[in-house]
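# Inside the fold
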Amino acid sequence: MLIKLTGGRIIDPVQKLNGEVQDLYIRDGVMVAAPEPGERIHEEYNLQGRIIMAGAIDLHTHIGGGKVNIARMMLPEDHRRDLVSRHEHPRSGCGCAAPSTLTAGYRYAEMGYTACFEPAMLPMNARQAHLEMGDTPMVDKGAYAMLGSDDFLLRQLVANEDQRAINDYVAYTLNASQAMGLKVVNPGGISAFKFNQRSLNLDESHSHYQGVTPRRIVFALARALDELGVPHPLHIHASNLGVPGNVDTTLNTMLASEGFPIHLTHIQFHSYGTEGDRKFSSGAARIAEAINSNPHVSADVGQILFNQTVTASGDSMIQFKNARHGSPKKSVVMDIECDAGCGVVPFRYRDQNFVNALQWAIGLEIFLLVDDPWRIFLTTDHPNGAPFTSYPHLIRLLMDKSFRDEKLAGIDPTAAAMSTLGSINREYSLYEIAILTRAAPARTLGMKNMGHLSPGAVADVVVYREDADREAMFTAPELVFRRGQRVVKNGRIEQVVWGDVHVVKPDYDRGIERRLQEYHQRYQTINPNHVRIHDEEIPILTNGGGLQIHRCSRHGGAL
Amino acid sequence: MLCDDLTLAPGKSSIEVVQGGCSRGAQAFAASATTKNTPLIQGRSATFEQAMAHAAGLLKNSRRPLFAGLATDVQGMRGLAALAETAGAVMDHRNSPAKFRNIFTVQSQGWITTTFAEVRNRADLIIMVGTTAVKNFPRFFERLVWPATPMFLEDIETRRVVMLGPESCAQATSPAGRAAQHLPCAIEDLPDVVAALRARFNGASLDGDAVAGIPLSALDALIEQIRAARYCVFVWAAPDLPAQHGELTVQMLSGLLTELNQTLRAAGLPLGGNDGDFSADAVLLWQTGFPFRVSLAEDRPVYDPYLQSAEGLLARGEADLLLWTAALAPHPAPATSLPTIVLAGAGAAPDDKVDVWIPVATPGVDGDGHLFRGDKIISLYLPAVMDSGLPGVRAVAQGLAAALGGAPC
């Protein structure tokens, strides 16, 4: 099957194509060079004037796992605001803050996304995460396993075990949970909360695991991934999320890895100062400057947008504290298996609320002040800052200064006055948006055949109608191809496909398995061999989806 | 509890649990012997093809089918949810009346909870509220309360157990022989007792010296124990709560936990997971956004936990067909005059009164299964340990959906 896409303007940062007109060819799901003259083209699309990009990749979106399902259970009133008909999609569902898996998959595809990564998969709850992702149609997916408040690692640190032993444990965890990367959430803090500590600063010791600090956890895990050759660096949800003044914690966390690559996630929530009458101010300039001058650091923003949403996080310590700010006022907090935790708090961000308005401005400041688009990623930390369906609106805010100024004029005036946003003239280009949403996520995740349209890449291709209203343009691409199959046309799902699962499988010394067997026998309630997800189980979990294994190689990775 | 430390031996026609396990597990495996492999149409033996065709015909003629029972695993529920979309069905689980005591609490105020390994390793005070747990979780005390090696307790004998409610049990006695403290009250008085406990914690004065026969001094002493504990766990099982004000009891516990956690650490353990209820509601939540009592009869999900209970729909004659799934335990279909299709797992007696009776594989016995544990956090893949040749619920549902020209899942 040979498909030709004729005459479109290609935006592909990997090939440094910035709107050049070029014909594209797809053979059996893969991008190929121009065929021999005379070879039969089975399908041809005349795409003159259209913008063509690779499929978009969301590297941080909470689409599956226990806490997402808790959020769904908590919010029937929110689902009712957006019930989705089976005439609109192949199957019915619901949208808004905690969409059903089916609706999430269809809507991602309708926006031109072809891969999504769940950033907080508890090893003990990994199977549920894969089941939910498995019921998310249309997109490829993967997940980052969560460590850093688990008893086993904290014991290793107390015992000052050799880094090699930590590497083995990390590698085992990635293999056993079928993960694509590793996440740490409030390092050590989720565990500390179970011992009734209410905060844990970067250099503060855990009360039970003496001498174990967030800094040590970050260093050990960042180093482990680097030594294992896992492409995506340690994905860090830093200490003190949401706390005024946490900008210092965040800047110090950048140094905690001592040069090993790290990714700071939803950094907007970690960029707060304490200036002004309200003791709440923007730390965006300092954060952006630090990212600019620290090439080992990348970040995604976690932009907030004004509306009802729900915050679902592994950070039980912070979520318990924030429950009093929830709206509607209800929350679920969970301590989990001496392994992790979670907290779910519905939230309504208001443009006339000083703190929310400033959070909005801080996120945009970070986007606009970070120079290197390869190291800043477009996220709302779905659904924590806003549902993923608001990405087109966010793209317009980044690309359209006058639109941004108009919105800035509508927010709480005190917050607007404290932000430098109005003085920033930068407008993102389509080329930069393609980096943020395609090329850079694929590169940091080590997916060499995704995020671009060179021959050999998978044929995940998105065709947009040029539109000065970038929100409209990115809301409904004209065509979306997945592996060369046309799955969306004019914003309608044409064909249901089930994506693959992307994983890494770093090597490790099998001795760790024996240790874990003994450890579980002694302390846990389940056999690790039964928690482990074997390759054969993947198609059952994912409705027939395949397994895409990405290579680990020392220094072959991200940055 | 999804105990995964059993040793099984294949018997002549069934599976025997040789080591580990409990009475419920042994029954389930032994039941594999009694499985009848022949579908019935109105009591007469039929082939699977005939039974499926007859069932599909009934579904086709139904305008408001009710899918109830739902005692199946994740894969079975995936199949039934897709079939419900095609057939326009309402879905409700047999355990719903009890489960909604918890669900409503989560939807109205939320809660603070914990999981099995945290209880096993961390809790120094365990308060059993209106349940002994052992009816549905025979190994609860053995595995979670009295392990030899709790992670954060130097000696398991320092763990205290309080039984609040009508019953105590022998298993609640510690390995060294220390009996659990029992604060007895009638089950229908439990909401009052929990409310009084919460009120006393918040410093309220109450009329009289006792609540439901429990002296206020005993409640005050319990509060002192809670204050002194490093990690106190309240265990309840929604089905064991009183029919009147069961939900209110859970709300009271949730409120008390929120108040306790302002300065202390404490958590609830709402036990569940029987008959696949956690597996079924997990799938319905992620696929539709709603737990049980959700209807796909319209073009979009409609959630009405009051009007769409299986019991209510049957009593009011607001369904015109019943599809009853009991793949995990031999629960018979409720008596009804409606056309009825039964998907029955191991151990179910063939029902010749229903229109179509289809034997199906039991997840984890003669069929592969994915099931959630009683704390909802861990799910396991349970491959079949014997081959009966029976189809799983998902395969049957897919077959019926295909016959109806069904949805693509």
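Scoring rules and cut-offs
- Just so you know, the residues in each chain are numbered from 1, in the order the chain's sequence is written.
- Chain letters and ligand numbers both follow the written order, the letters beginning at A and the numbers at 1.
- It should be noted that, the model being predicted, local features are given only for residues of pLDDT at least 70 and side-chain atom pairs only at 80 or more, the latter also being counted only at that level, while totals for whole chains, interfaces and linings use all residues.
- Side-chain metrics in this entry use all non-hydrogen atoms of the structure; hydrogen atoms and water are not considered.
- Note on conventions: DSSP H or I runs of at least 4 residues are helices, E runs of at least 2 residues are strands, and numbering of each starts at the N terminus.
- The reference for a compact globule is 2.2 Å times residues^0.38; the radius of gyration itself is calculated from the C-alpha atoms.
- Each residue gets one of three labels from its accessible area relative to the maximum for its type: buried under 20%, exposed over 50%, partly exposed in between, using a 1.4 Å probe on protein chains only.
- Contacts between residues were defined by any pair of non-hydrogen atoms, one from each residue, lying within 4.5 Å.
- In this description, strands pair whenever DSSP reports at least two bridges between them.
- A crossover gets the label right-handed when its path from the first strand over the helix to the second runs clockwise, viewed with the strands pointing away from the viewer.
- Accessible-area loss on putting two parts together, using a 1.4 Å probe and summing over both, is the definition of buried area adopted here.
- For salt bridges, the criterion is a side-chain nitrogen of Lys or Arg within 4 Å of an Asp or Glu carboxyl oxygen.
- Polar contacts, as used here, are pairs of N or O atoms within 3.5 Å; protein pairs need one atom able to donate a hydrogen and one able to accept it. Residues neighboring in sequence count only if both atoms are side-chain atoms.
- To get an axis, fit a line to the C-alpha atoms, keeping to the stretch in contact for a helix; angles then go from 0 to 180 degrees between the N-to-C directions.
- Just so you know how the angles are binned, under 35 degrees is roughly parallel, over 145 roughly antiparallel, 65 to 115 roughly perpendicular, and the rest oblique.
- A clockwise turn of the near helix away from the far one marks a right-handed crossing, whereas an anticlockwise turn of less than a right angle marks a left-handed crossing.
- Under the scheme applied here, ten amino acids are nonpolar (Ala, Val, Leu, Ile, Met, Phe, Trp, Tyr, Cys and Pro), four are charged (Asp, Glu, Lys and Arg), and all others, including Gly, are polar.
- Here a cavity denotes a set of grid points, spaced 1 Å apart and computed over the protein atoms alone, in which a 1.4 Å probe fits but from which it cannot get out, and a pocket denotes an open set meeting protein on both sides within 12 Å along at least five of seven lines; residues with an atom within 4 Å of a point are reported as lining.
- Grid points are joined across faces, edges and corners, and a volume is the space filled by probe spheres set on the points.
- Definition used in this section: a nonpolar core is a set of buried Ala, Val, Leu, Ile, Met, Phe, Trp, Tyr and Cys residues joined via side-chain atoms within 4.5 Å.
- Positive residues here are Lys and Arg, negative ones are Asp and Glu, while His and the chain termini are left out of the count.
- A residue's pLDDT is the confidence the predictor assigns to it, expressed on a 0 to 100 scale.

This part is about the overall build of chain B. Within chain B, the secondary structure is distributed over 12 helices and 21 strands. Rg of the C-alpha trace for chain B: 23 Å, near the compact-globule value of 22 Å for 409 residues, within the 12% margin. Its C-alpha atoms give chain B principal-axis dimensions of roughly 65 × 45 × 35 Å. Looking at chain B as a whole, 60% of its 409 residues are labelled buried. A separation of at least 24 residues holds for 65% of the contacts in chain B among residues at least 6 apart in sequence.

What follows concerns the pairing of strand 13 (residues 232–237) of chain B. All names here are of chain B. For strand 13, a buried count of 6 out of 6 residues is recorded, marking the element as mostly surrounded by other parts of the structure. On strand 13, burial covers both faces: Cys-232, Phe-234 and Trp-236 on one face and Val-233, Val-235 and Ala-237 on the other are all buried. The pairing of strand 8 (residues 125–129) with strand 13 spans 4 bridges and is parallel. Looking across to strand 13, one finds that Met-128 is bridged to Val-235. Tracing the backbone out of strand 13, into helix 9 (residues 246–260) and back to the parallel element strand 14 (residues 266–271) gives a crossover that is right-handed.

So, about the interface of chain A and chain B. Taken together, the contact pairs 65 residues of chain A with 68 residues of chain B. Summing both sides of the interface, chain A and chain B together bury roughly 5,700 Å²; the carbon and sulfur share of this comes to 55%. Taken as a group, Met-73, Arg-86 and Arg-91 of chain A account for 14% of the area that chain A buries against chain B, more than any other trio of residues on that side. Connecting chain A to chain B are 6 salt bridges. Where Arg-86 of chain A meets Glu-85 of chain B, a salt bridge forms, and the shortest distance between an N and an O atom there is 2.8 Å. Joining chain A to chain B, the criterion identifies 54 residue pairs in polar contact (both at pLDDT 80 or more). A per-element tally of the side of chain A that touches chain B places strand 18 (residues 331–336) of chain A first, with 6 residues. Relative to strand 7 (residues 110–113) of chain B, strand 18 of chain A runs parallel, the two sharing 4 bridges. Bridge pairing links Val-333 of chain A to Ile-112 of chain B in strand 7 of chain B.

Residue and element names in this part refer to chain B. Contact geometry of helix 3 (residues 74–87) with helix 10 (residues 277–288) gives a least axis separation of 8 Å together with a crossing angle of 45 degrees. Viewed along their axes, helix 3 and helix 10 adopt a mutual orientation that is oblique. At the point where helix 3 passes helix 10, the crossing takes the right-handed sense. When helix 3 is examined against helix 10, the residues Val-74, Met-77, Arg-78 and Ala-81 are found in contact with a partner set consisting of Ser-279, Ala-280, Val-283, Leu-284, Trp-286 and Gln-287. Taken together, the residues of the contact of helix 3 with helix 10 break down into 7 nonpolar, 2 polar and 1 charged.

With that settled, the discussion passes to unusual backbone geometry. The linkage connecting Ser-327 of chain A with the following residue, Pro-328 of chain A, adopts the cis geometry, with an omega of -5 degrees. Within the secondary structure layout, Pro-328 of chain A lies in the loop between helix 11 (316–322) and strand 18. Of note in the backbone geometry, Cys-96 of chain A takes a positive phi value of approximately 65 degrees without being a glycine. Relative to the elements of secondary structure, Cys-96 of chain A occurs in the loop between strand 8 (93–94) and helix 3 (101–110). Note on Cys-96 of chain A: relative accessible area 18%, which makes it buried. At Leu-2 of chain B, a position not held by glycine, the phi torsion is positive, near 50 degrees. Note that Leu-2 of chain B resides in the segment before strand 1 (7–10).

This paragraph deals with empty space enclosed by the protein. Empty space among the atoms can be located by rolling a probe the size of a water molecule over them. Scanning the entire structure with this criterion turns up 8 cavities of 30 Å³ or more. Of the voids in this model, the largest cavity is the one considered here, and its volume is about 470 Å³. If you trace the largest cavity, you find 33 residues lining it, with Ile-70 and Met-334 of chain A together with Trp-111, Asp-375 and Lys-376 of chain B closest to the centre. Breaking the lining of the largest cavity down by element, the ones donating at least two residues are helix 1 (66–74), strand 9 (113–121), helix 4 (126–134) and strand 18 of chain A together with helix 4 (96–108), strand 7, strand 14 and helix 10 of chain B. Tallying contributions element by element places helix 1 of chain A first for the lining of the largest cavity, with 5 residues. Counted by class, the lining of the largest cavity contains 18 nonpolar, 9 polar and 6 charged residues. Space inside the second largest cavity adds up to approximately 270 Å³. Taken together, 20 residues make up the lining of the second largest cavity; nearest its centre are Pro-123, Met-124, Tyr-169, Tyr-172 and His-520 of chain A. Contributions of two or more residues to the lining of the second largest cavity are made by helix 5 (151–158), helix 6 (163–176), helix 18 (511–523) and helix 19 (528–531) of chain A. With 4 residues, the single largest contributor to the lining of the second largest cavity is helix 6 of chain A. Taken together, the residues of the lining of the second largest cavity sort by class into 12 nonpolar, 4 polar and 4 charged.

Moving on, we come to the layout of surface pockets. Residues and elements named next belong to chain A. Its volume calculated, the second largest pocket comes out at about 700 Å³. In terms of lining, the second largest pocket is formed by 35 residues, of which the most central are Gly-242, Asn-322, His-325, Phe-347 and Gln-359. At the level of secondary structure, the elements contributing two or more residues to the lining of the second largest pocket comprise strand 11 (181–185), strand 17 (308–313), helix 11, strand 19 (340–348) and helix 12 (354–369). Sorting elements by how many residues they give to the lining of the second largest pocket places helix 11 first, with 4 residues. A breakdown of the residues in the lining of the second largest pocket according to their chemical character gives 12 nonpolar, 15 polar and 8 charged.

Let us look at helix 3 of chain A. Residues and elements named next belong to chain A. Along helix 3, 10 of the 10 residues are buried, which leaves the element largely enclosed by surrounding structure. For helix 3, the complete set of buried residues consists of Thr-101, Leu-102, Thr-103, Ala-104, Gly-105, Tyr-106, Arg-107, Tyr-108, Ala-109 and Glu-110. Immediately beyond the C-terminal end of helix 3, within one or two residues, lies Gly-112, with a positive phi of roughly 90 degrees.

Residues and elements named next belong to chain B. By the element assignment, Ala-333 lies in the loop between strand 17 (321–326) and strand 18 (340–344). The buried category is assigned to Ala-333, whose relative accessible area is 18%. Once the C-alpha coordinates of Ala-333 and Val-354 are considered, the two residues, 21 residues apart in sequence, prove to be 8.7 Å apart. In this structure, Ala-333 is in contact with Leu-322, Trp-324, Thr-340 and Val-342, ignoring residues within four places of it in sequence.

This paragraph deals with the nonpolar core. With 260 residues, the main nonpolar core has Val-170, Trp-360, Phe-367 and Leu-398 of chain A together with Phe-67, Ile-127 and Phe-234 of chain B as its most contacted residues. Per-element tally for this core: the top contributor is helix 12 of chain A, with 10 residues. Setting aside residues up to four positions removed in sequence, Ile-127 of chain B forms contacts with Val-162, Leu-164, Leu-222, Ile-226, Cys-232, Val-233, Phe-234 and Val-235 of chain B.

This brings us to the side chain of Arg-394 of chain B. Counting through the fold element by element, Arg-394 of chain B comes out in helix 12 (residues 393–403). Although buried, Arg-394 of chain B forms no salt bridge, and the nearest oppositely charged side chain, Asp-135 of chain A, lies 5.5 Å from it. At 2.8 Å, the side chain of Arg-394 of chain B forms a polar contact with the side chain of Asn-543 of chain A.

Our next topic: the sheet that holds strand 19 (residues 356–359) of chain B. Residues and elements named next belong to chain B. Taken together, 9 strands build an open sheet; the order of strands is 4-3-19-18-17-5-6-15-16 and the sheet is mixed. In the strand order of this sheet, the two ends are held by strand 4 (44–45) and strand 16 (302–303), each with one partner. Strand contacts of helix 3: strand 5 (65–71), strand 6 (90–91), strand 17 and strand 18, with the helix running at about 175 degrees to strand 5, the strand carrying the most contacts.

This brings us to the pattern of salt bridges. Within this structure, the stated rule accounts for 54 salt bridges over all chains. Note that Asp-23 of chain A is salt-bridged to Lys-4 of chain A, the shortest N-O span being 3.7 Å. Residue Asp-23 of chain A is located in strand 2 (residues 17–27), and its partner Lys-4 of chain A is located in strand 1 (residues 2–12); the two are separated by 19 residues in the primary sequence. We note a salt bridge from Glu-118 of chain B to Lys-194 of chain A, for which the minimum N-O separation is 2.5 Å.

The next thing to look at is the environment of Gln-15 of chain A. Residue and element names in this part refer to chain A. You can see Gln-15 is positioned in the loop between strand 1 and strand 2. Sequence separation between Gln-15 and Ser-454 is 439 residues; the distance between their C-alpha atoms is 7.0 Å. Once residues lying within four places of it in the same chain are set aside, the contact partners of Gln-15 are Leu-453 and Ser-454.

Averaged over every residue, the pLDDT of chain B is 94; the share at 70 or more is 97%. Our summary of model confidence lists the complex with pTM equal to 0.97 and ipTM equal to 0.96.

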